[in-house]
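A structural walkthrough
Below, each chain spelled out in residue letters.
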Amino acid sequence: MTTTEDAPTRRRYPWPIEFYRSAVGKKWVMALTGIALLGYIAAHMIGNLLTGFPECSDLMHGEKVAFGVVSQLCLDPDVSTAEAYAIFDWCIAVGLPVTLAGLGLEGAGRERLKAIGDVCAGEGSLCAHHAFEVTSDGVVDAMLAADALGRERKRQIGRAHV
């Protein structure tokens, strides 16, 4: 027979930690993190929408979002060429996809990518919160530009085969 004296006592933590450990606390942290990351909405939408392509089913979430990031770099007019090159080159160095071929979508054209652009620019899309305009054609153009720039950067740093 176990008595309350034998029961292990639960360690008490300061209230912020106790709150975080609760289900409600974890949801608050996720919500606040999402608000802080509003600048990357298009990148995540592109990455999440790539999940609908069978060729991308074996890719990890981060790989798809990485292509979304380089696409968003091409969509945002305030990103400098030097900033874009640095991020493309880092993605290449760590093995993240920066081309449509890297996603298994080599040769995918405007029509194939249009569904992604339509959702990103659609009514009620969170992409409306970006400081720059997000249109369906703009998203598709950005994805194709990211593909072209990714191929060029890979060629320039000698990793075209990767």
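Each value, and the rule that gives it
Residues numbered from 1 in each chain as written. Predicted model: local features only at pLDDT ≥ 70, side-chain atom pairs only at ≥ 80, totals over all residues. Heavy atoms only, no water. Helix = DSSP H or I, 4+ residues; strand = E, 2+ residues; numbered from the N terminus. Buried < 20%, exposed > 50% of the residue type's maximum accessible area, 1.4 Å probe, protein only. Contact = heavy atoms within 4.5 Å. Areas by Shrake-Rupley, 256 points an atom, 1.4 Å probe, with all protein chains shown as cover. Axes fitted to C-alpha atoms, helices over the stretch in contact; angles between N-to-C directions. Parallel < 35°, antiparallel > 145°, perpendicular 65-115°, else oblique. Left-handed = near helix turned anticlockwise from the far one by under 90°. Nonpolar A, V, L, I, M, F, W, Y, C, P; charged D, E, K, R; others polar. Expected span 1.5 Å × (residues − 1). Salt bridge = Lys/Arg side-chain N within 4 Å of Asp/Glu carboxyl O. Phe/Tyr/Trp six-rings, centres within 6.5 Å; stacked < 30°, edge-to-face > 60°. Lys NZ or Arg CZ within 6 Å of the ring centre and 35° of its normal.

1. Thoughts on the overall build of the chain
If you tally the helices and strands in the chain, you get 7 helices and 0 strands. Secondary structure of the chain in N-to-C order comes out as α-α-α-α-α-α-α. Split into buried and exposed, the 162 residues of the chain put 35% on the buried side. Contacts in the chain between residues at least 24 apart in sequence constitute 67% of all its contacts with a sequence separation of at least 6. Carbon and sulfur atoms make up 59% of the accessible area of the chain, which totals about 10,100 Å².

2. Quick word on the packing of helix H3 (residues 41–50) against helix H4 (residues 61–75)
Each pair of packed helices gets described by two things: the angle between the helix axes and the distance between those axes. With their axes 7 Å apart at the nearest point, H3 and H4 run at an angle of 135 degrees to one another. The angle between H3 and H4 falls in the class oblique. Viewed along their axes, H3 and H4 form a crossing whose handedness is right-handed. Contacts between H3 and H4 involve Ile 41, Ala 42, Ala 43, His 44, Ile 46, Gly 47, Asn 48 and Leu 50 from the former and His 61, Lys 64, Val 65, Phe 67, Gly 68, Val 69, Ser 71, Gln 72 and Leu 75 from the latter. Considered class by class, the residues forming the contact of H3 with H4 number 9 nonpolar, 7 polar and 1 charged.

3. Quick word on helix H7 (residues 136–156)
Between the first and last C-alpha of H7 there are 30 Å, a value that for 21 residues agrees with the 30 Å anticipated at 1.5 Å per step. Listing the buried residues of H7 in full gives Ser 136, Gly 138, Val 139, Val 140, Ala 142, Met 143, Ala 146, Asp 147, Leu 149, Gly 150, Arg 153 and Lys 154. The inward-facing, buried residues of H7 contact H3, H4, helix H5 (81–94) and helix H6 (110–121). Two residues or fewer past H7, Gly 158 is found with a positive phi of approximately 75 degrees.

4. Considerations on the pattern of salt bridges
In a structure, side chains of opposite charge can pair up when their charged atoms sit close to one another. Enumeration according to the criterion identifies 7 salt bridges in this entry. Measuring nitrogen to oxygen at the nearest pair gives 3.0 Å for the salt bridge that ties Asp 118 to Lys 114. Pair noted here: Asp 118 and Lys 114 are both in helix H6, with a separation of 4 residues, about one helical turn. A relative accessible area of 33% places Asp 118 in the partly exposed class. According to the relative accessible area criterion, Lys 114 is partly exposed, its value standing at 36%. The residue Arg 151 makes a salt bridge to Asp 147 at a minimum N-O spacing of 3.0 Å.

5. Some details on the packing of H4 against H5
The geometry of H4 relative to H5 is characterised by a closest axis approach of 10 Å and an angle of 165 degrees between their N-to-C directions. The pairing of H4 with H5 is recorded here as roughly antiparallel in orientation. As for how H4 packs across H5, the hand of that crossing is left-handed. Residues Val 69, Val 70, Leu 73 and Cys 74 of H4 form the contact with H5, whose own contacting residues are Ala 84, Ile 87, Phe 88 and Cys 91.

6. Some remarks on the packing of aromatic side chains
For the structure shown, the criterion picks out 0 aromatic pairs. One Lys or Arg, Arg 153, reaches over the ring of Tyr 85 and ends 4.0 Å from the middle of that ring.

7. What about H4?
Helix length check: H4 (15 residues) gives 21 Å between terminal C-alpha atoms against 21 Å at 1.5 Å per residue, within 8%. Within H4, 11 of the 15 residues are buried, which leaves the element mostly enclosed by the surrounding structure. By the burial criterion, the buried members of H4 are Glu 63, Lys 64, Val 65, Ala 66, Phe 67, Gly 68, Val 70, Ser 71, Gln 72, Leu 73 and Leu 75. For H4, the elements touching its buried residues are H3, H5 and H7.

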